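Chain by chain, the residues:
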Amino acid sequence: MDNKKKEDLRVMRTRKLLVQSLFTLLERHSFHTISVKEICEEAMVHRTTFYTHFDDKYDLLAYGLQNIAKEFQFIEGNIRENQIKLFNMSLKYKALFSQLLTEEKDSLRYIIMKEMNNGVKKVIQDENSNQILSFSSEIALAAFSGASLGVLNWWVNEGSNISEQEANEEMKKIFNWDYIEKTLK
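Residues numbered from 1 in each chain as written. Predicted model: local features only at pLDDT ≥ 70, side-chain atom pairs only at ≥ 80, totals over all residues. Heavy atoms only, no water.

**Quick word on the overall build of the protein chain**
Part 1 of the reasoning: Along the protein chain, the regular secondary structure elements total 10 helices and zero strands.
Part 2 of the reasoning: In the protein chain, the succession of α and β elements from N to C terminus is α-α-α-α-α-α-α-α-α-α.
Part 3 of the reasoning: Classification of the 185 residues of the protein chain by burial places 25% in the buried group.
Part 4 of the reasoning: Looking at the protein chain as shown, the accessible area adds up to about 13500 Å², and 55% of this sits on carbon and sulfur atoms. (Helix = DSSP H or I, 4+ residues; strand = E, 2+ residues; numbered from the N terminus. Buried < 20%, exposed > 50% of the residue type's maximum accessible area, 1.4 Å probe, protein only. Areas by Shrake-Rupley, 256 points an atom, 1.4 Å probe, with all protein chains shown as cover.)

So, in structure tokens, the structure goes:
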């Protein structure tokens, strides 16, 4: 029993070292450029040890993110508190969140969101003599583009049996559309 306990502690320690090494490397490099060799060097473990615990760097990342997700336990019935917890988690793991949220710079989702944001900003600035957007406007824009892409993702994958007009009308019901439009002006 004592050997089993020691072995479990060694496994836990090794996994923890590998996750910490990956997260450290993510502060300096993008995920797709990091190799298993670099992770092992940072953790000071052999590649064979790495592959004893994980299939590849994606498996390691998933394991690390699952551990972070355990810290974020959803508080049932309290959406606002959960949102605050999510923001606090992003501060705690700022470099990781920043890296992973911008990692997809060549993805369709990122490109569409960037184009939406730039297009709306241009319209607002053209109408208001190149005025810089307030924090409220920036947040409203992020909420609008993020929600639009989330609904688009759902619509393409599951809900395209309703028209785009119906999807848009449902979004208007869910979000305070008047507030968003007013804030973006």
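**A few points about the confidence of the model for the protein chain**
Part 1 of the reasoning: For the protein chain, the mean per-residue pLDDT works out to 80, and 83% of the residues sit at or above 70.
Part 2 of the reasoning: Within the protein chain, helix H2 (residues 36–43) carries the highest mean pLDDT (97), whereas helix H10 (residues 177–183) carries the lowest (66). (pLDDT = per-residue confidence, 0-100.)

**Overview of the packing of aromatic side chains**
Part 1 of the reasoning: The final tally for this structure, using the stated rule, is four aromatic pairs.
Part 2 of the reasoning: Considering the side-chain rings of Phe50 and Phe54, the 5.9 Å spacing of their centres and the 45° angle between planes classify their relative orientation as tilted. Of the two residues, Phe50 and Phe54, both sit in the buried class.
Part 3 of the reasoning: Chaining the aromatic ring pairs together yields one cluster made of Phe50, Tyr51, Phe54 and Tyr63. (Phe/Tyr/Trp six-rings, centres within 6.5 Å; stacked < 30°, edge-to-face > 60°.)

**Comments concerning the environment of Leu133**
Part 1 of the reasoning: Along the chain, Leu133 turns up in the loop between helix H7 (108–127) and helix H8 (135–159).
Part 2 of the reasoning: Classification of Leu133 by relative accessible area gives buried; the value is 12%.
Part 3 of the reasoning: Residues Leu133 and Lys121, 12 residues apart in the sequence, show an inter-C-alpha distance of 7.7 Å.
Part 4 of the reasoning: Ignoring anything within four residues of it in the chain, the contact list for Leu133 reads Lys121, Ile124, Gln125, Glu138 and Leu141. (Contact = heavy atoms within 4.5 Å.)

**Regarding unusual backbone geometry**
Part 1 of the reasoning: Positive phi outside glycine occurs at Met44, with the angle close to 60°.
Part 2 of the reasoning: Along the chain, the position of Met44 falls in the loop between H2 and helix H3 (47–53).
Part 3 of the reasoning: With relative accessibility at 76%, the residue Met44 sits in the exposed group.

**Quick look at the environment of Ile112**
Part 1 of the reasoning: By the element assignment, Ile112 lies in helix H7.
Part 2 of the reasoning: In this structure, the C-alpha to C-alpha distance between Ile112 and Ser145, residues 33 residues apart in sequence, is 8.8 Å.

**Details of the side chain of Ser148**
Part 1 of the reasoning: Note that Ser148 resides in helix H8.
Part 2 of the reasoning: A relative accessible area of 16% means that Ser148 is categorised as buried.
Part 3 of the reasoning: Beyond its immediate stretch of four places on either side in the chain, Ser148 contacts Met116 and Met171.

**Some thoughts on the pattern of salt bridges**
Part 1 of the reasoning: Per the stated rule, a full pass over the model turns up three salt bridges.
Part 2 of the reasoning: Among the salt bridges present, the one from Glu170 reaches Lys173, with a minimum N-O distance of 3.0 Å. A residue pair is termed a helical-turn pair when its members lie 3 or 4 positions apart in one helix, as Glu170 and Lys173 do in helix H9 (residues 164–174) at three residues.
Part 3 of the reasoning: We classify Lys173 as exposed; its relative accessible area is 63%. (Salt bridge = Lys/Arg side-chain N within 4 Å of Asp/Glu carboxyl O.)

**Details of the side chain of Ser145**
Part 1 of the reasoning: When you line up the elements, Ser145 lands in helix H8.
Part 2 of the reasoning: In this structure the side chain of Ser145 is engaged in a polar contact, spanning 3.4 Å, whose partner is the backbone oxygen of Ala142.
Part 3 of the reasoning: If we skip the residues at most four places from it in the chain, Ser145 touches Met113, Met116 and Asn117. (Polar contact = N/O pair within 3.5 Å; in protein donor to acceptor, adjacent residues only side chain to side chain.)

**With respect to the nonpolar core**
Part 1 of the reasoning: Of all hydrophobic cores here, the largest spans 21 residues; its most connected members are Leu18, Leu22, Phe23, Leu26, Ile39, Phe50 and Leu60.
Part 2 of the reasoning: Secondary structure elements with two or more residues in this core: helix H1 (2–26), H2 and helix H4 (57–71).
Part 3 of the reasoning: Residue contributions to this core peak at six residues, all from H1. (Core = buried A, V, L, I, M, F, W, Y, C linked by side-chain atoms within 4.5 Å.)

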